Each structure stands twice: as C-alpha cells, then as structure tokens.
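Topology and contacts: notes
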Amino acid sequence: MYGSGILKGLGVTFRHLITTFIDDIQWLGRKRDVDVFQQKQSLANRGLVTVEYPDEKLAVPERFRFTPFLVTYNLDDPDYPGKDWCTSCGICAKVCPPQCIWIVRGTDPKTGRPKPEPEQFYIDIDICMNCGYCAEYCPFDAIKMDHNYELASYDRTSAHIHDKARLSREIRYWQSIAPTTAAEEEAARGGYDHTDVQKARKKAGLEPSRPDPRLAKPAEPEPVPTPVAVTEAPVAVPQVAAPKAEAAPAPKAEPAASAAADSETPPHPGWVKRGRRWIDPNAKVEPVRRKGKVE
Amino acid sequence: MTDQVLPQVTDLPSTIAALKERFPNAVKDDTRSGYEGVIVDTACLQEFARVIRDEYGFNYLSSLTAVDYLGHGDHLEVVYHAFRVPSGGKPLVFKAQTDRQDAVIPSLVSIYPGADFQEREAYDLYGIHFTGHPNLKRILLWEGFEGHPMRKDYREAYYEQETKPFDSRWPGGHVFRGEEYNPFGHNVRYPAGFTLDDYKPVTEAEFQQGMALGVDIMGDPAFRTDRLLVNLGPHHPSTHGVFRMMVALTGETVESLEPVMGYLHRNHEKIGERNTWYGNMPFTDRLDYICSMCNNLAYAITVEQMMGGQVSVPYRAEVIRVLMAELTRITNHLWSIGFLLNDLGAFFTPALYAIQTREYILDFFEATAGARMMCNYMRIGGVYKDLTARIRSEAALINDRVRDMDTMEYLDKLINDRLPRSIDELDELLSESEIIKSRCIGVGLLPAEMAIAYSASGPLLRGSGVPYDIRRANPYSIYPELEFDVCTRPNGDIYDRYCVRLDEMRQSVRILKQILPRLKDTQGQPIFGGKTSYSIKVPAGEAYGFAENPKGELGFYLVSTGGGNPWRYHVRAPSFINLTPLGEMCKGQKVADVVAILGSIDIVLGETDR
C-alpha cells in the first residue's frame, strides 16, 4: 500500500514520543538524582538522554584530557610544601605537537649552573590541542591533563597564556580527579614521593618514600571529596554512593569548587544560596579590564 | 603489515618487467633505497598510463601527489599510485620527475578523470603545470596567494624554524605570540601586480561568460527560461561546513556545477612536514573529525610500514584498533545518514536519533582515549593505553554527577543490543518511506565505470556496484581473520549509497561481535610494541599506507630522509577526491537534488580542505 512506509516511520517517532513521556512520569521530581541520572545515561535508556548543561553536568571520565597543569607537592606537606614536581627537562616542550609550552630552566644563583626546576613555565592554551602527549611522555608525572573544561574569558591576550602560578596544582588535586591513574603512577614510582625526592632520601639514609598522606590519616574528616580507600581497591568503590552532601569545600589552594554546591552549609560564612550555587552577596563584580584602556 | 599474498602481488614484478621492455628507455626502476615502483619519462607518461590502464588493468588512479626534493636532487616528483579495481592487490607506483624552475608534466585527466582535483592540488601547492589539464587553476588557495606553499623553500607567515621541536621553547622559553612579531596586515603577501580592488574570482568570471549579472535571458527562448548562476554556499545549510558550489541553472535544471573549496584550508601537509612523526598523530584527528580513530589507524600503519622490523604491533593492540575502527565506522554512518535526511528535509528527527546512539560510542571513546572526537589514541606500534576496567566518571571537584559501568559489560550490551536495535530502528524509520524513495531512487546516478574512473571510494564506489573494500582487497590489521561481507548495491543512486551505509553498519556490528571474544581472550596482554622514546626516527624511504575509512580510502604518502620529521606528508583524503564526480552526478538534475547528492557523498570539510 502506498504510504505504508511513511506510516511505519511515523510509528517509530510516535514510540519515541511515548517513551519520552513515560520517562518524565517515571522520574517525576527525581530527575536530577544521581542514581536516576546514571540510569538515564545508561544503555538501557529509551527516553530522553539530554543533560541540561550548565545546571547539570556530565562527570568526565578519569582519562579525560583538557589543558595541562603542573603537579606540585601539597601546600601543607610537612617536608616539601608546594615543591614543583617539574624538573624542567623539556620533554613536554619538545614533544608538544603545536609547540605551545615554553619553559625557562632554573639556574642556581650561586654557581650559575642549571638546576632541576623550572623558573618559568608557560602554556598558551589557545594553541594547546589537548592531545595529552606532555602528560604521556613526562618521566616525572609532573604534568597532567586537567578536567576543567570551562575556561571562557573576556580577554585572550591576558588570560590565555597560563603561567607557572596558574598552572600549578597540588598533587592532591590530581589524586582527586584521577584516583585510579594516580594510584597506578604511584605504584610505578615506587611510592608517593617524586622519583628525585626518593633518590635523595635514599642517599640520606631515609625511607625512600613517605606514605601517601591521604592514607596516613584515614580517621580524620579530611576535606578531600574522593573516598580514601580508592588507592587500595579502585574498582570496588561504589561511586554512586559518594556522599556528595558531606563533601566539604576544597582545600585552601583550590578555587571554590562547585562540588560543594549541594551542601547545606555555606562554603564561607555569610554566603547565600541562589538555586544550587552559593554566592557572596557582598562581592563586587570587577569590570573587565581591556588592554590599552587607561583607567 | 599484511602477510596475505594475493595473486596480483606476485604479478606486479612481472608487470613492471614487461613495461620496462615495452618502454625501453623511458621506464626505469626507482633504485633509491626504501623506494618502490618505476620512474617514467615525462615524454611518454600519457602513453604509459594508457597502457597500464587498458592492458594491465590498473584502472583506478588512487593517489596523485608531488614531492619537492630540494637538496636531495633538486627536482620535483609527481607520484602516482594505480590500483586494480575491484580485484585489489598492491598498487603500481610510478613517478615522473621535472625541473623545479620550469615544472611541466603531462596531465592524466584524459586517462584517469580522477586525477582532476589532485592535479589541481599539485599545481596549487607545488606550482607544477599539467599540460592538457582542462581546468588548471588553484583549488585550495585563492588567486591572491603568492607562491606555492608546499615547496620546501616557501616560508609561511609565522615561520619559526624548519622543523619541530623549536629551539625557542626550551631551555630559555620566554613566551611570545607569533602575531606580535608579524601582526595582521603584514602577514599576507600578494603576487606581483595583484590588487584587491581589481580582484574578480576566476571561477565566477568563467561561469559568467556571456551572462550579465549572472543571468542569461537568452537562455532558452522556446521555454522562456533564463540561464541563471547560483552560488550555493559557502555558508549554506546543505554544505555541512564552508563549501561552495557554483551552479549554472536552466530553469531548475543544473547545467553545470563546480565545487569551490579551500575555505578551511590550513595546509595540513606543511604542518605535517614541520612536525615530528609522533606530532602528526593528533593532527590526523582533525582531518575527518568524525572518524579520528580511523585516521589515527591509517597514519599508524603507514609509519609502521616504514619502520619495518623496528616495531611489531601486539595482537591485543590490533584487536583494540579494529574495535575502535569499526565503532568509528558506525558513528560515521549514523552521522551521515542522519545528515543526509536533514538535507532531504527531514529536519533533525532522524539525525538526532542517530546522534543519540553515536553518543554511547563516544562515551566509550572518552573513557578509553580521553576525548570524544579528538581521540589521538593510536601509537606507532600499538595503542595509547589499554581499555579501562570501568567506564567511570569520578565525581571530581568540578563535576557533580557520577557514572560507573564495567567496560566489557558496557561493550557487550552496546554491541549485542543497543547498536543493532538502533540500526534496525533507523531502517524501520527510513528505508521504506515513500518520500525518501521518491527523492532518492534514480537521483545522482554514478555508473560503476564512472565511479572507478573518477577514483571514487568508500560507500560512493560500493553504492555503484563495485565490490572494492580495502579491508578485503588489501587487508591490514586483523581483518583477514574476521568474517564480513563487502556490501554493494547495483544502481549507484542516492538510495543505494544510503543502503550501503546501513548494510555496512550491520557488517561492522558483525565484526564487533567477533572482536568481543578476542578482547576477553587477550585481556592483560601488551598493547604497545613500538619505541617508547618521545621522538622516533624513521628510516629513509617512502611508503603509501591506506585504510578503508568510513568515507573511503584514506591514504598517507610519507617520505622520510631518516630524520625525526617527515620530508613529505601527503594525505589522500576521500572527502576531497570523492567530490571529483560531483559535477557529473549533478548534471541534468534539479537544483533541490544537488543538496541531497552532496549529502550522499558524505564529505567532511576538515578533510576536504586540509
């Protein structure tokens, strides 16, 4: 019969329409629950899969790569607070396909000889093509790919060349965004510490590597959002049950994290909740400065 | 890469011997180390091409490109790769050499019409004049561009150094921007005597001959129709990017059509020559950005071919590569069918159904390779990392939703349930629809002989009834041990191309079902058998590696001088060469069908313009 093909096709679209409504009714009021969200994103889903960005966000997987950042020791590290992991060997700058990494190698002011830490480290994120080679080939686990993909800014000339201060993050941040990978790397290094630090400690007659501080103090309510047991049994951790409401604000060096947004306690005293976000009611929004304009 | 010996391969040396006998002084072996094929004297190049096509069956000129051997003999060389279609087998490689100053080579368009765009490209980028070419003008660059950028002595606007890595980056890497040293306005050079005010695009000028303002009112007085010039694009919903078609119409019927491209041109090949061998891998992602895994694979097998015994790809790596390539084929065909339907006017319903399914595959890519589209996953000698145990998203500081799935379970469900279901649903939705049938059947005809002559590849070729699939004709990776059919349809119209894509997705699912047990069996085996160094050196020589990409034959022609950077890096882009027959296919069709015909070729402008 002429037209039966069209009717058959319309049947498919109608089926989609119905499943979408069933979906809506089924998850009425619970649309943004974590377990519902997971089910909606699974292969079994037949209804809507849409994620309402930026109200909802898909968590990115561990291997996800965006722009690179530099790993440093934690700022509260008892022995090496904030020490760079980068030894300025230059492999990342050489392997970088679009050549977006600039490194000034550090020199010892007394002897004038090069020393294994970078004086300056720049990445032009306009040029960076997010390939991940720098992280892949770094022999010291010192440069890693960040998960933060929200880098919009008003002025590219001032904001898009990241310097060393902007690039540096604590090792704890890397452990939190990629626990499995970080644990694997730690095992490959032979301990928590940087390989050079391990060598130096061995020379000094110390235990080559100190234990991971995240494992050392499991009883304390650490302000680290990821589960502590993750390095031991990375696969078995029930990620779904991660207690979001208990996640306290990020450590001091971190920028205010939106993971805390669900929390009922404000990240800073006096802040108020707008929707799902905490904001500072007294904050002054600074006007965007444009280059060349005299104020 | 492949050990399978086809009868034609053993045949090739005797063919070459016979040809040398036939052209005693004009055909010589290419004796340079690492090179293959013959060097043909330019005087009898056309005769040679005619003989190999008519008498030896090399009826398909797959790739034509040029190389500048500045400092290595100081000549320009045009390299041809001719295949037998559909029987397959190794290509006959022949080369013609010419002087750098006065570069002239006879055109092969009259013998292989598929050489048309490729010769124009070689003219554009190398300045080689192909005598006898019917339409020799720039193709990727515009007329106001000075010089021929692929020549070795050409330096681009932000030139810094001949090859990467640049010395300025380390150890004294004080950051700067190229445009600060060469700001806008100073970074463009025009040819002598060229002024922007007098500029008139060559294409339009030719089209408008005898037409005032693009309209010829004397066109056909009997039917009172005007001859009309229409610019479809460069910004047009049908072009899937920035692409232009100059169409001359009589009434609504297409009289002639010429594709105009290059709006997205970035001289990928020059960048490739500056790059290190590894550095090119992420750049191949950006060619056909829908199929980055397949692009990676084609590049990796080409370099592996050049490195010979220095790398050996472990079995598990091959299994993962085929897994990725076939998943990519499904994503691409879902995408292209969805957008073909958009072009036909079914605005975004089929496309979104297709994209929804594609999303599940991209989730897997993201978890495994780190990116949804710019995967950069293959390495020379294996793959980047093994599959993760779980496809999982960490509830990190900046994200607040969690997903956690077992990878093998996920793949199992995806391959055995979700993908077949989605493909069947698409079939049910579209295949029998009377609207689609009446718009597609008999439109955009490309007969089999014409498809071969115009060097069409991929679903465009198989939709014309030519059973030529590189996975069978010249197998690579572990395809010889996998069972699948080469899908063809006999008629060569839009509907057949659509059907071939649907069939190929089903065949891909069939391959994936065979891959799953192999993945389980090889769990824990090595995935990389290459060099672990961050910079590799490739022995001197040349190689043409090619793979069956979802859009057609993606080939890489690489030349090495033994260093850390390629001397020549050429991409035989299927999206580019499949456009060669577009003008012929559209002739006599209605203008509304042009959009559908273009959609059925399935191009991606990132690859067309390179």
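Residues numbered from 1 in each chain as written. Chains lettered and ligands numbered in written order. Predicted model: local features only at pLDDT ≥ 70, side-chain atom pairs only at ≥ 80, totals over all residues.

The subject of this paragraph is the overall build of chain A. Within chain A, the regular secondary structure consists of 10 helices and eight strands. Counting over 295 residues, chain A shows a buried share of 28%. For chain A, the share of sequence-separated contacts (at least 6 apart) that also reach a separation of at least 24 residues comes to 59%. (Helix = DSSP H or I, 4+ residues; strand = E, 2+ residues; numbered from the N terminus. Buried ≥ 20, exposed ≤ 12 C-beta atoms within 10 Å, placed from the backbone. Contact = placed C-beta atoms within 7 Å.)

Along chain B, the regular secondary structure elements total 20 helices and 18 strands. By the compact-globule yardstick of 25 Å for 610 residues, chain B fits well, its C-alpha radius of gyration being 24 Å. Dimensions of chain B, computed from the C-alpha atoms along their principal axes, are close to 70 × 60 × 60 Å. The buried share of chain B, reckoned over its 610 residues, is 51%. For chain B, restricting intrachain contacts to residue pairs at least 6 apart in sequence, the fraction spanning at least 24 positions comes to 67%. (Rg over C-alpha atoms; globule rule 2.2 N^0.38 Å.)

Turning our attention to the interface of chain B and chain A. Facing 57 residues of chain B, the contacting portion of chain A comprises 65 residues. Only α7 (280-285), α10 (349-369), β14 (390-392), α11 (407-430) and α12 (434-440) of chain B provide two or more residues apiece to the side of chain B that touches chain A. Counting residues per element, the side of chain B that touches chain A draws most heavily on α11(B), which supplies eight residues. Across the side of chain B that touches chain A, the residue classes break down as 25 nonpolar, 15 polar and 17 charged. (Nonpolar A, V, L, I, M, F, W, Y, C, P; charged D, E, K, R; others polar.)

Let us now look at unusual backbone geometry. All names here are of chain B. Residue Pro-86 follows Val-85 across a cis peptide bond; omega there is 5 degrees. Tracing the sequence through the fold places Pro-86 in the loop between β4 (75-83) and β5 (92-99). The step from Lys-164 to Pro-165 runs through a cis peptide bond, and the omega angle for that step is -5 degrees. Here Pro-165 shows up in the loop between β7 (129-131) and α4 (178-181).

Looking now at helix α2 (residues 45-54) of chain B. Residue and element names in this part refer to chain B. Buried within α2 are the following residues: Leu-45, Phe-48, Ala-49 and Ile-52. The arc that holds every buried residue of α2, seen down its axis, measures 100 degrees, which confines them to one face. Looking at the buried residues of α2, the elements they touch are β1 (27-29), β2 (38-40), β4, β5 and β6 (104-106). (Arc of directions from axis to C-beta.)

The next point concerns the pairing of strand β3 (residues 114-124) of chain A. All names here are of chain A. Bridge count for strand β2 (residues 101-107) against β3 is six bridges, and the pairing is antiparallel. From the neighbouring strand, Ile-103 faces β3, where its bridge partner is Phe-121. Hairpin connection from β2 to β3: six residues lie between these consecutive antiparallel strands, with Gly-112 at a positive phi of about 80 degrees. Here β3 runs beside strand β5 (residues 161-162); their pairing, made up of two bridges, is antiparallel. Bridged to Asp-124 within β5 is Ile-161. (Pairing = 2+ DSSP bridges.)

This part covers the environment of B:Ile452. Residues and elements named next belong to chain B. Here Ile-452 lies in helix α13 (residues 448-453). Between the C-alpha atom of Ile-452 and that of Arg-84, which follows or precedes it by 368 residues, the distance is 9.6 Å. Leaving out residues up to four positions away in the same chain, Ile-452 has contacts with Asn-59, Tyr-60, Val-85 and Val-466.

Here we take up the sheet that holds strand β6 (residues 168-170) of chain A. Residues and elements named next belong to chain A. The strand order β4-β1-β6 describes an open sheet built from three strands, whose pairing is mixed. A strand with exactly one partner marks an edge of an open sheet, and here the two such strands are β4 (143-145) and β6. Recorded for the sheet is a direction-independent mean angle of 50 degrees between the axes of neighbouring strands. One ladder, built from three bridges, connects strand β1 (residues 68-72) with β4; its direction is antiparallel. By the bridge assignment, Phe-69 is partnered in β4 with Lys-144. (Axes fitted to C-alpha atoms, helices over the stretch in contact; angles between N-to-C directions.)

A word on the confidence of the model for chain A. One rule of thumb: low pLDDT means the predicted coordinates there are not for detailed reading. All names here are of chain A. Here chain A shows a mean pLDDT of 76. Residues at 70 or above account for 73%. For the stretch residues 224-261, pLDDT sits under 50, and the model shows 76 contacts to residues farther than four places along the chain or on other chains. Scored below 50 in pLDDT, residues 284-295 shows six contacts in the model against residues more than four places distant or in partner chains. (pLDDT = per-residue confidence, 0-100.)

Turning our eyes to something else, we now look at the sheet that holds strand β18 (residues 566-572) of chain B. All names here are of chain B. Pairing is antiparallel across the open sheet formed by three strands, whose spatial order is β16-β17-β18. Since the sheet does not close on itself, it has two edges, and those belong to β16 (541-549) and β18, each with one partner. Between one strand axis and the next, the sheet turns by 15 degrees as a mean value, whatever way the strands run. Relative to strand β17 (residues 552-560), β16 is paired through nine bridges, and the arrangement is antiparallel. Residue pairing across strands places Glu-548 opposite Glu-553, the latter belonging to β17. Contacts between helix α8 (residues 292-307) and the sheet are confined to β16 and β17, with β16 contributing the most and set at about 150 degrees to the helix.

All names here are of chain B. Looking at the secondary structure, you find Gly-127 in the loop between α3 (115-126) and β7. Here Gly-127 falls in the partly exposed class, since 19 other C-beta atoms lie within 10 Å of it. It is 9.0 Å that separates the C-alpha atoms of Gly-127 and Pro-149, two residues lying 22 residues apart in sequence. Setting aside residues up to four positions removed in sequence, Gly-127 forms contacts with Ala-103, His-148 and Arg-151.

This part covers the confidence of the model for chain B. All names here are of chain B. Chain-level pLDDT for chain B is 87 on average; 94% of the residues reach the 70-or-more range. Within the model, the stretch residues 1-9 combines pLDDT values under 50 with 18 contacts to residues more than four positions away or in other chains. Model confidence for the complex is summarised by a pTM of 0.86, with the ipTM given as 0.83.

What follows deals with the packing of helix α16 (residues 494-521) of chain B against helix α19 (residues 591-601) of chain B. All names here are of chain B. The interhelical angle for the contact between α16 and α19, taken along N-to-C directions, is 30 degrees, at an axis separation of 10 Å. In this view, α16 runs roughly parallel relative to α19, as classed from their interaxial angle. In this structure, the crossing between α16 and α19 has a hand that is left-handed. Every residue of α19 that contacts α16 at Ile-494, Arg-497 and Tyr-498 is listed here: Ala-596, Ile-597 and Ser-600. Along the lines of polarity and charge, the residues of the contact of α16 with α19 split into four nonpolar, one polar and one charged. (Parallel < 35°, antiparallel > 145°, perpendicular 65-115°, else oblique. Left-handed = near helix turned anticlockwise from the far one by under 90°.)

To continue, consider the packing of helix α9 (residues 315-344) of chain B against α16(B). The relative placement of two packed helices comes down to the angle between their axes together with the axis-to-axis distance. Residue and element names in this part refer to chain B. At a closest axis distance of 9 Å, the pairing of α9 and α16 adopts a crossing angle of 155 degrees. One finds that α9 runs roughly antiparallel with respect to α16. Regarding α9 and α16, the two cross each other, and that crossing is left-handed. From α9, Val-319, Val-322, Leu-323, Glu-326, Arg-329, Ile-330, His-333, Ser-336, Ile-337 and Leu-340 reach across to α16, where they touch Tyr-498, Arg-501, Glu-504, Met-505, Ser-508, Ile-511, Leu-512, Ile-515, Arg-518 and Leu-519. Residues that form the contact of α9 with α16 fall into these classes: 12 nonpolar, three polar and five charged.

Position of A:Glu186 relative to the elements: it lies in helix α8 (residues 179-189). Excluding its chain neighbours within four sequence positions, the residues that come into contact with A:Glu186 are A:Gly191, A:Tyr192 and A:Asp212.

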